[in-house]
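# Summary of the model geometry
The residues making up each chain are set out below.
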Amino acid sequence: MRYRLALLIGAMLLPGAAWAQRLQNVDIYMLGVAAFTDSYSIPGSNVTVQKARGFSTTTGYGYQIARTSAGSIWIDLSPAFVLSGRSGSSIGGRADNGFSAFTLGLRFMLPIHSRVALLGTAAGGGGSFHYPVITGGERPRVTSNSTLHGVIQLGGGLDFRLTRMLSIRGEVRNYSTGKGLSGATGRHHLVPMIGVAFHF
C-alpha cells in the first residue's frame, strides 16, 4: 500500500517538477536607457540637423535550447524601440531620429561566477527607420520620411543574478542597417541599455 502511494505521489509531482525545470529555461527582460543623437548634415545640402535626446527600450524573450559545459545557448526575440527625439534644423522643421527593430537570433551565456554570466547575441530581422528630407518651395523646411529596412544585430553584456528569479542585466547592442538612417551618418546604431531580467 505504501509503495503504491509513493508511486502515486511521484506520478503527481513529476509533471510539476518537469514544468518547473522547463520554466527555468525561460527569461523575460526589460531594458532601457536615455538615448542621444549628435548633430549631422543632410547629404547634398548645407542643412544641419541638431542634437536630440530621448530614450531606448526593449522587452525581450529568451528560451534556452541547449546547455554545454562552456555555457548555454538561447533563442532570443528582441523588439527594440529607440525614441531619440525629434531634432530641429538650421532652416526650421524637425527630423525624427528614432527607429524600431525586431530581431530574432541566438544568445550565448557564459557563466564566470555563480551569480554572473557574460552574454553575446547575434540576430537578424527588420525595422522601421527615418531619414530627413527638405521640402521644396520658397520656405524650405526639414521633415522626415520612413522606410523599412533589414537589420543585423550583434551585442554583448553582463547578467548579475540577484535571486533565482531576478537579475540585473546590462547590454550594448549594435544594429546595422541602411546608411544614413535615424540620425546615423553610417550604418551602425550603438544602443546601450540596462534593466532587469526575470527567470522562470
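## Thoughts on unusual backbone geometry
- A positive phi angle, near 50 degrees, is found at S182, a position not held by glycine.
- Among the secondary structure elements, S182 is positioned in the loop between β11 (166-176) and β12 (188-199).
- Accessibility expressed as a relative area gives 4% for S182, which makes it buried.

## Overview of the nonpolar core
- By size, the foremost hydrophobic cluster in this structure holds 14 residues, and its most contacted members are V82, F99, A101, F129, V151, Y175 and V191.
- Every element with two or more residues in this core is listed here: β1 (26-37), β5 (72-83), β8 (99-111) and β12.

## Remarks on the pairing of strand β4 (residues 52-67)
- The pairing of β1 with β4 spans 12 bridges and is classified as antiparallel. Along β4, the bridge assignment pairs V26 with Y63.
- The pairing of β4 with β5 spans 10 bridges and is antiparallel. Paired with G62 across the strands is D76, a residue of β5.
- Hairpin remark: β4 followed by β5, antiparallel, with four residues in the connecting loop.

## A closer look at the pattern of salt bridges
- Applying the stated criterion across every chain yields a total of seven salt bridges.
- Notably, a salt bridge pairs R169 with D159, separated by 2.8 Å at the nearest N-O pair. You can see R169 sitting in strand β11 and its partner D159 sitting in strand β10 (residues 142-161), a full 10 residues away along the chain.
- D159 gets classed as buried once you look at its relative accessible area, which sits at 3%.
- Each member of the salt-bridge network shares a partner with another, and the members are D27, D76, R107, D159, R169, E171 and R173.

Each value, and the rule that gives it
Residues numbered from 1 in each chain as written. Predicted model: local features only at pLDDT ≥ 70, side-chain atom pairs only at ≥ 80, totals over all residues. Heavy atoms only, no water. Helix = DSSP H or I, 4+ residues; strand = E, 2+ residues; numbered from the N terminus. Buried < 20%, exposed > 50% of the residue type's maximum accessible area, 1.4 Å probe, protein only. Core = buried A, V, L, I, M, F, W, Y, C linked by side-chain atoms within 4.5 Å. Pairing = 2+ DSSP bridges. Salt bridge = Lys/Arg side-chain N within 4 Å of Asp/Glu carboxyl O.

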